[in-house]
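Examination of the molecular architecture
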There are 2 protein chains.
Amino acid sequence: MELVMPISAKENLKKNMKAFSEKSKRFPGLLWRTVWRVGRDDPRRVVHALKVGLSLTLVSLLYLLEPLFKGIGQNAIWAVMTVVVVLEFTAGATLCKGLNRGLGTLLAGSLAFLTGYIAEKTGLVFRAVFIGAAVFVIGTATTYMRFFPYIKRNYDYGVLIFLLTFNLITVSSYRVSNVLKIAHERFYTIAIGCGVCLVMTLFIFPIWSGEDLHNSTVIKLEGLAKSIEACVNEYFNDVEKEKTQDKSPEDPIYKGYKAVLDSKSQDETLALHASWEPRHSRHCRYPWQQYVKLGAVLRHFGYTVVALHGCLQSEIQTPQHCRVLFKDPCIRVTNELSKALMELANSIRNRRHCSPEILSDNLHEALQDLNNALKSQPRLFLGSNNNQATNMLAVAAAHANSSQKREKYNGVSLPSFKTDNSALLEWKSKRMNNEHSRSEAAERKVLRPQLSKIAITSLEFSEALPFAAFASLLVETVARLDNIIEEVEELGRIACFKEFKPGDEVIVNFKTQKVNVTLNHFSSQGGE
Amino acid sequence: MELVMPISAKENLKKNMKAFSEKSKRFPGLLWRTVWRVGRDDPRRVVHALKVGLSLTLVSLLYLLEPLFKGIGQNAIWAVMTVVVVLEFTAGATLCKGLNRGLGTLLAGSLAFLTGYIAEKTGLVFRAVFIGAAVFVIGTATTYMRFFPYIKRNYDYGVLIFLLTFNLITVSSYRVSNVLKIAHERFYTIAIGCGVCLVMTLFIFPIWSGEDLHNSTVIKLEGLAKSIEACVNEYFNDVEKEKTQDKSPEDPIYKGYKAVLDSKSQDETLALHASWEPRHSRHCRYPWQQYVKLGAVLRHFGYTVVALHGCLQSEIQTPQHCRVLFKDPCIRVTNELSKALMELANSIRNRRHCSPEILSDNLHEALQDLNNALKSQPRLFLGSNNNQATNMLAVAAAHANSSQKREKYNGVSLPSFKTDNSALLEWKSKRMNNEHSRSEAAERKVLRPQLSKIAITSLEFSEALPFAAFASLLVETVARLDNIIEEVEELGRIACFKEFKPGDEVIVNFKTQKVNVTLNHFSSQGGE
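None of these values were measured; they are calculated from a predicted model. (Residues numbered from 1 in each chain as written. Chains lettered and ligands numbered in written order. Predicted model: local features only at pLDDT ≥ 70, side-chain atom pairs only at ≥ 80, totals over all residues. Heavy atoms only, no water.)

Counting its regular elements, chain A contains 22 helices and 0 strands. Residue burial in chain A is summarised as follows: out of 528 residues, 51% are buried. If you take every contact in chain A between residues at least 6 apart in sequence, the share linking residues at least 24 apart comes to 82%. Per element, the accessible surface of chain A, about 25,900 Å² overall, is 62% carbon and sulfur. (Helix = DSSP H or I, 4+ residues; strand = E, 2+ residues; numbered from the N terminus. Buried < 20%, exposed > 50% of the residue type's maximum accessible area, 1.4 Å probe, protein only. Contact = heavy atoms within 4.5 Å. Areas by Shrake-Rupley, 256 points an atom, 1.4 Å probe, with all protein chains shown as cover.)

Quick look at the UniProt feature "transmembrane region" (unreviewed entry) in chain A now. Residue and element names in this part refer to chain A. The positions that UniProt labels "transmembrane region" (unreviewed entry) are, in the present scheme, residues 46–65, 77–96, 125–145, 157–175 and 187–208. Taken end to end, residues 125–145 is 100% helix and 0% strand, and its first and last C-alpha atoms sit 30 Å apart. Across residues 187–208, the secondary structure splits into 77% helix and 0% strand, with the terminal C-alpha atoms separated by 28 Å. (UniProt positions renumbered as here; feature names shortened; annotations may be inferred.)

This next bit is on the nonpolar core. With 133 residues, the main nonpolar core has Phe467 and Ile484 of chain A together with Leu341, Leu344, Phe467 and Ile484 of chain B as its most contacted residues. Counting 57 residues, the second-largest nonpolar core is a separate cluster that includes Leu56 and Leu160 of chain A together with Ile77 and Val84 of chain B. (Core = buried A, V, L, I, M, F, W, Y, C linked by side-chain atoms within 4.5 Å.)

With that settled, the discussion passes to the domain arrangement of chain A. Residues and elements named next belong to chain A. Each domain of chain A was delimited in the assignment, giving domain 1 (44–203) and domain 2 (209–237 + 250–380 + 458–495). Look at where the C-alpha atoms of domain 1 and domain 2 centre, and you get two points 47 Å apart. Contacts between domain 1 and domain 2 engage 12 residues on the former and 7 residues on the latter. Summed over both partners, the interface of domain 1 with domain 2 buries about 800 Å², with 67% contributed by carbon and sulfur atoms. When residues of domain 1 are sorted by the area they lose upon contact with domain 2, Thr90, Gly92 and Cys96 head the list and together hold 39% of the total. (Domains from an automatic or database assignment. Buried area = accessible area lost by both parts, 1.4 Å probe.)

Below, the discussion takes up the packing of aromatic side chains. What the rule picks out here adds up to 27 aromatic pairs over all chains. Measuring from centroid to centroid gives 6.0 Å for Tyr144 of chain A and Phe148 of chain A, while their planes differ by 80 degrees, and the two rings are edge-to-face. Judged on exposure class, the residue Tyr144 of chain A and its partner Phe148 of chain A are both buried. Their ring planes at 15 degrees and their centres at 6.3 Å tell us that Phe162 of chain B and Phe166 of chain B sit as a pair that is stacked. (Phe/Tyr/Trp six-rings, centres within 6.5 Å; stacked < 30°, edge-to-face > 60°.)

Here we take up the pattern of salt bridges. Residue and element names in this part refer to chain A. Going through the model one piece at a time under the given rule, you end up with 28 salt bridges over all chains. We note a salt bridge from Arg351 to Glu211, for which the minimum N-O separation is 3.1 Å. Taken as a pair, Arg351 in the loop between helix 15 (327–349) and helix 16 (361–376) and Glu211 in helix 9 (residues 209–237) lie far apart in primary sequence, 140 residues in all. A relative accessible area of 31% means that Arg351 is categorised as partly exposed. Close ionic contact of Arg349 with Glu222 constitutes a salt bridge, the shortest N to O distance being 2.5 Å. Of this pair, Arg349 sits in helix 15 while Glu222 sits in helix 9; the two residues are 127 residues apart in sequence, bridging distant segments of the chain. Classification of Arg349 as partly exposed rests on a relative accessible area of 27%. Judged by relative accessible area, which is 3%, Glu222 ranks as buried. Salt bridges sharing partners connect three or more residues here, namely Asp42, Arg44 and Asp212. (Salt bridge = Lys/Arg side-chain N within 4 Å of Asp/Glu carboxyl O.)

All right, on to helix 13 (residues 288–313) of chain A then. Over its 26 residues, helix 13 of chain A runs 37 Å from end to end, which matches the ideal 38 Å to within 8%, given 1.5 Å per residue. In terms of residue burial, helix 13 of chain A counts as a mostly covered element, since 21 of its 26 residues are buried. (Expected span 1.5 Å × (residues − 1).)

Next comes the structure, spelled out in structure tokens:
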């Protein structure tokens, strides 16, 4: 297929048609898989779809049933419109939209009637000019107001509806005299539509934004715990594997922190909707703002995990036999860290204060061990002036060279990374030659990006440097854990979490934790 | 005011009224400042507001002018509605919404007429049942479809409009016989509304999403350059200052990378809208997808900068007199880095290929210098077993203690960070005492979060560790720069950037660069 052959247009068309028919044969399967996956990921979606269908059928009855139609007339359409536009996935979103819509309509109606009242007493021409001017001024001012950060965040939809309604009423009041009567009739049908939406959203399988925010926070904590554990394990386990592995979505490290990094807008939307939802308990307001704060701290923790992950993909690497010296203390610190994160996740999930044991002596002892290990190997932190280190480097270089050769014998042509300065000199002379042939943009493109890789690997940095960075970042994550604990404690205080009972502690131990992870993973997909 | 006194309700009311009147006196000033700031940040907002006002006035004329009204009738309202709903800030957003709306309406209309045709031949009761069932099935299926990721990303609004229109037509066709005529009449007014929107958005001071995407990319690159420079300068300049400084929005480091970190959703929205905009040139498609890719790479670079920033705020710090040894090479590497980023930003801004000099010998030489500096101080990388290092630590500890004492004498009570194990022991004994008085949740809260801080500072980690992390992260950023260069080159290739001319190079040198930064900063606020 790769060969270029003179194919007649007819054959080409035939091939295209065949490809198309192949595709359309596969389409039903693909569609079915998508339908299935979307529903499986979050079964509440099916519930929501059925709720919308049911609501629409209910308001259509206003129109379809003879006795109801006589009372309401043409205006039943407005109930249908209200349901389509207002009924959203979560209760908070529906309330937010519905109230925005109601407020916008009310304000617009009042202002429109005021405008109409002023215009009424004048002549027809002046009235037209007055209405035109009002439309222009209100249109401009309202649109400009939508750029105010506070309004945009909270009332954007309401302002849009205000503008829409104001224009509709003002303009139609010019020709129609009984606007008030029309508005009155419409009001009833819109109220019916809103009522159907409210009943559907609040009483029939309600879906709460607050719950989503709560669950997503738990999932993010667990994701970070899993990510940091996977990251450290990979650092000490297998140096060959990581080189080929890219930042694929299947990478457990990336999967763990991915959800945290870009969570800002999602968190804020959920919190905004949650703020419209009715209170869950009598003596505690729902602490949606605290979840947003906790989300920010988690994101910050996530950035450190990304940096830690970066250590795995870095150009200069501490050889595996040096890393092994610190494997046990590092893994211990990581286990304690991830245990603490898991306990925090569990405490939020079960709405109870977290165990006073999370920052127990274990974490401190693990840090102390790491410290001791670092102190016991002072030679590692010498530069390459030192004999042993130079030897290590030599070993590492030899290893790298031999593995490169192996790769070449396997027929794979890799860009040649040389660990000495000759590569750089070679590159420089190449560039000198190319300097005058400016048109070879493609070649320049291929060459340039590798320069700094060559430059970095050609340097004889102390090979302990990358490990020091890794260890330092690990210690940094422990420090960041503090901020998370602080915010979770604050959340527990505001949201009146249950007191911690010593019996709950069992969840933290290793066996039960693993079971919880799997359970969560399931609910994680449900929570999106 | 802080004292609690028995104040009568009258006085209380008086005070409240006074506060309210104070507030309302300040309100006009506050409002005016907001209005002014929103307009100054991006003058195009004023233009957009005026465009909306003008468009609304134009379509209102359909209703207000006698001759036009006779031809069009009540349906002029639909033109107003179309303008309010479809006219968006950028051309891409308007086109996206308008075409979605058009497509949705067309499909819904066809399906509704098909339904009506089938239902027409049957009795009135069966017809009502049939319409009710159709509303339910289509409502459920359409709502479910909105959860498909592909549909949600591209056609969410269109599907909503489809649902709305389908219901309106199907339901009203039950009682009204001349639906086709009504639809026909409305079609004209909607077309007029769309026409006004198109003219306003494409020909009168058009605002392009693509331009915004382009500018925001330039600004992000410059922000990163400034951020990394400020970060390294702060690391070497003033160790006292950074301790008090929080992650405030005025912090130049934070300000530089803030825009990059949470740019994902904004980038994607802009790219989606840009994809609907007409092509800018004949032989190149607009590479909006490449901008999104570049944005992802920039975010990844940003995470490393965050980690670098974290080094400034870390609990364990390398003493300043050790850092000074590496100041010059580090600053040199940083300057080269930020120069390269600035050149990339300039190349994108001027839509030309970037100078072949960006990854010049300078960056390599700077790295080599840093390497030499690290090698020339092998003792620094010894653990605290080593004499000199212990001395350094002792000096640092003494320094920290004395500065703490100074603070205390000034009357400021700081939480006592002790650099030895005694602090930890003290804490432990305190916790033992508190263990049984579980109700003192508040005290527990204050105590616990500081434990790991104490634990970390009480460890005698090699003080070179944090500096090693800093240096390693700096080298890491150089490696990440490669990815950025690669994506920018790719962007240049796809978007047919101009060839680089040697004369353009002058921009990179230092003096001109500074001027550019200020200019940009202005346009940066305009680009939001």
